[in-house]
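Residues per chain, in single letters:
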Amino acid sequence: MKATYRVFSVLMYIAMIYSTFTGIICGVLLANSKYSGFGYPIMIITLAGFAVGLVLFFLKLKWFSFFVLLGASLARVYLAFALQRQSPLESIVFYKQHLPILAVALFSLFAVLCYKKYKKDEKGKLLEPMELAYIDV
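Residues numbered from 1 in each chain as written. Predicted model: local features only at pLDDT ≥ 70, side-chain atom pairs only at ≥ 80, totals over all residues. Heavy atoms only, no water.

**Describing the side chain of Arg76**
What counts, and what does not: Think of it this way: any DSSP run of H or I at least four residues long counts as a helix, any run of E at least two long counts as a strand, and we number them from the N terminus. In the analysis that follows, any N or O atom pair within 3.5 Å is treated as a polar contact, provided that within protein one partner can donate a hydrogen and the other can accept it, and provided that, for residues neighboring in sequence, both atoms belong to side chains.
Among the structural elements, Arg76 can be located in helix α3 (residues 62-86). At a separation of 3.3 Å, a polar atom in the side chain of Arg76 contacts the side chain of His98.

**Some thoughts on the pattern of salt bridges**
Opposite charge on two side chains permits pairing when their charged atoms draw close. This is how it is decided: Whenever Lys or Arg places a side-chain nitrogen within 4 Å of a carboxyl oxygen from Asp or Glu, that contact is recorded as a salt bridge. Relative accessibility under 20% of the residue-type maximum defines a buried residue, over 50% an exposed one, and the middle range a partly exposed one, all with a 1.4 Å probe and only protein chains included.
If you walk through the whole model with that rule in mind, you get 2 salt bridges. Of the charged contacts in the structure, one is a salt bridge between Asp121 and Lys117, with a shortest N-O distance of 3.3 Å. Taken together, the residues span about one helical turn, with Asp121 and Lys117 both in helix α5 (residues 101-133) at a distance of 4 residues. The exposure class of Asp121 is partly exposed, given its relative accessible area of 30%.

**Notes on the side chain of Ser108**
Residue placement: Ser108 occurs in helix α5. Given a relative accessible area of 0%, Ser108 falls into the buried group.

**Concerning the packing of aromatic side chains**
Here is the rule: Two rings from Phe, Tyr or Trp (for Trp, the six-membered ring) form a pair when their centres sit within 6.5 Å of each other. Planes less than 30 degrees apart are called stacked, planes more than 60 degrees apart edge-to-face, and all others tilted.
Throughout the structure, instances matching the rule amount to 11 aromatic pairs. An angle of 85 degrees between the planes, with centres 6.3 Å apart, marks the rings of Tyr13 and Phe57 as edge-to-face. Here Tyr13, found in helix α1 (residues 2-29), pairs with Phe57, found in helix α2 (residues 36-58); they are 44 residues apart in sequence, far enough to count as distant. What makes Tyr13 partly exposed here is its relative accessible area of 25%. Members of the aromatic cluster, each reached through a chain of ring pairs, are Tyr5, Tyr13, Phe57, Phe58, Tyr115 and Tyr118.

**Some details on α3**
Keep this limit in mind: Expected span of a helix: the number of residues minus one, times 1.5 Å.
Between its first and last C-alpha atoms α3 spans 36 Å; for 25 residues at 1.5 Å apiece the expected length is 36 Å, and the two agree. Within the span of α3, buried status applies to Lys62, Ser65, Phe66, Leu69, Ala72, Ser73, Arg76, Val77, Leu79, Ala80, Leu83 and Gln84.

**Topic: the environment of Val112**
Rules: Whether two residues touch is decided by their heavy atoms; if any such pair falls within 4.5 Å, the residues are in contact.
With respect to the helices, strands and loops of the structure, Val112 is situated in helix α5. The class of Val112 is buried, set by a relative accessible area of 0%. Here the alpha-carbon distance between Val112 and Asn32, two residues 80 residues apart in the chain, equals 39 Å. Apart from the residues lying within four places of it in its own chain, the contact partners of Val112 are Lys62, Trp63 and Phe66.

And the structure:
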């Protein structure tokens, strides 16, 4: 289960890198347009949400990290959807740049579930051999 946890963690980091890159590009490209009210919030929500989520993830507060990443992901998708409705933005841009952020939340969920299962299995493995060694007293 530890290997599965690590795989989903790496996938989460890769999705975060891609989503952060697209969030920064969105903020920079929309900075001097009439849609800057969407670009800056998308960039700030992405950067702040991921920073807080990573700190919580490294501090072993996995569930809090998941909910922060989920909230940041949903907020960014909502803002991007609102931007798409008010601008001549093509749907393909929305799907390629803003929906992959949901992969961050999905991989984070799988990483948390695998981590909890790994910790539960680890506790069970440590107790069983010790209990078996002292049964015949």
